[in-house]
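# A closer look at the structure
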Amino acid sequence: MAEPGRPGTTTAPAVHADVARRVAASAAAGCALAGAVAVTVAVVAGPGPGLTGYVSEAGIAGSGHAATYRIGVLALAGALLLLAAALPAEVRAAPALPPWVRAAPALLAGARAAPALLAVSAVCTAVSGAVTCSAGCPLPPFERATVADLVHGGASIAATAAVVLAMVALALAGPAGRAVRWLAGGAAALALPLCATVGLAMLLVGRGEVVGVLERLILALAVLWGLATATVLALARR
């Protein structure tokens, strides 16, 4: 039997919490995989404009695969929420970081915000799936957008930004060990320049193959990161 307070032992509440986190991580991986498959099927099988259009166009009203798309988006939202619940409570600065970074309270406080950022991303993802855009999903400054278009687009952008910030936070302080830090750091290193490029492209050139391809790369990277991180957390033992 575990002895509370004695080094090297684990209390029953800690064991139960660890099991609950691993179950949440397993469920997150399953939801991420199912959601990615559903959204991919809706995008590929739908009558959208291909790489020149947005992924969200698969969910517009009247599309034959709108229901599949929305189910997939909601599954991805659930995966983000479950991943937030699966992160351990303790936060440790990454050993590879310089001492001044590891000792900075502000950075550690930011790293503790990773679960909250994932939860915010989950809510925004659910909103983007519930509020559909109009045909073509128009966005300013080159297209005239409706209120629903702005809500959908804003929620989608906020969801992506929150995920990328969560990657950065986890790379700075690892609450679940080296593997999670490495995954977060690698994903953030790829996602940050992609997000900056797609933002500039949307402002300077608008809709086109450049934005379409970059959007798909960012979304694929976010899903793969979430799936890999959830798998690592599901397999990890205290």
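Predicted model, so just to flag it, every value in this text is computed and none were measured. (Residues numbered from 1 in each chain as written. Predicted model: local features only at pLDDT ≥ 70, side-chain atom pairs only at ≥ 80, totals over all residues. Heavy atoms only, no water.)

Here we come to the overall build of the protein chain. Scanning the protein chain from terminus to terminus reveals eight helices and zero strands. Helices and strands appear in the protein chain in the N-to-C order α-α-α-α-α-α-α-α. Evaluated residue by residue, the protein chain yields a buried proportion of 40% over its 238 residues. The contacts in the protein chain between residues at least 6 apart in sequence include a share of 74% that link residues at least 24 apart. By element, 73% of the accessible surface of the protein chain is carried by carbon and sulfur atoms, the whole surface being about 11,900 Å². (Helix = DSSP H or I, 4+ residues; strand = E, 2+ residues; numbered from the N terminus. Buried < 20%, exposed > 50% of the residue type's maximum accessible area, 1.4 Å probe, protein only. Contact = heavy atoms within 4.5 Å. Areas by Shrake-Rupley, 256 points an atom, 1.4 Å probe, with all protein chains shown as cover.)

Moving on, we get to helix α6 (residues 147-172). An α-helical turn contains 3.6 residues, so any two residues separated by three or four positions project in the same direction. Helix length check: α6, at 26 residues, gives a terminal C-alpha distance of 37 Å against a target of 38 Å (1.5 Å per residue), a fit within 8%. Considered for burial, the residues of α6 that qualify are Asp149, His152, Gly153, Ala155, Ala159, Ala162, Val163, Val164, Ala166, Met167, Ala169 and Leu170. (Expected span 1.5 Å × (residues − 1).)

Okay, the nonpolar core next. With 28 residues, the main nonpolar core has Leu83, Leu87, Leu118, Met167, Leu170, Trp225 and Leu233 as its most contacted residues. Counting residues per element, the ones that place at least two in this core are α1 (12-45), α2 (66-86), α5 (114-130), α6, α7 (178-204) and α8 (209-235). Judged by nonpolar contacts, the second largest core, of 10 residues, contains Leu139, Val198, Ala201 and Leu214. (Core = buried A, V, L, I, M, F, W, Y, C linked by side-chain atoms within 4.5 Å.)

Moving on to α5. The end-to-end C-alpha distance of α5, which contains 17 residues, comes to 24 Å, matching closely the 24 Å that a straight helix rising 1.5 Å per residue would cover. What α5 keeps buried is the set Ala114, Leu118, Ser121, Ala122, Cys124, Thr125, Ser128 and Gly129.

Turning to the side chain of Glu215, a few remarks are in order. Following the sequence through the fold, Glu215 ends up in helix α8. If sequence neighbours within four positions are ignored, Glu215 has contacts with Gly53, Tyr54, Val55 and Val198.

This part takes up the packing of α5 against α6. In a pair of packed helices, the angle between the axes and the distance between the axes together describe the arrangement. For the pair α5 and α6, interaxial distance at closest approach is 8 Å and the crossing angle is 160 degrees. By the criterion of interaxial angle, the relationship of α5 to α6 is roughly antiparallel. By crossing handedness, the relation of α5 to α6 is classed as left-handed. Side by side, α5 and α6 meet where Ala114, Leu117, Leu118, Val120, Ser121, Cys124, Thr125, Val127 and Ser128 of the first sit next to Val151, His152, Ala155, Ser156, Ala158, Ala159, Ala162, Val163, Leu165, Ala166, Ala169 and Leu170 of the second. In terms of residue class, the contact of α5 with α6 is built from 16 nonpolar, five polar and no charged. (Axes fitted to C-alpha atoms, helices over the stretch in contact; angles between N-to-C directions. Parallel < 35°, antiparallel > 145°, perpendicular 65-115°, else oblique. Left-handed = near helix turned anticlockwise from the far one by under 90°. Nonpolar A, V, L, I, M, F, W, Y, C, P; charged D, E, K, R; others polar.)

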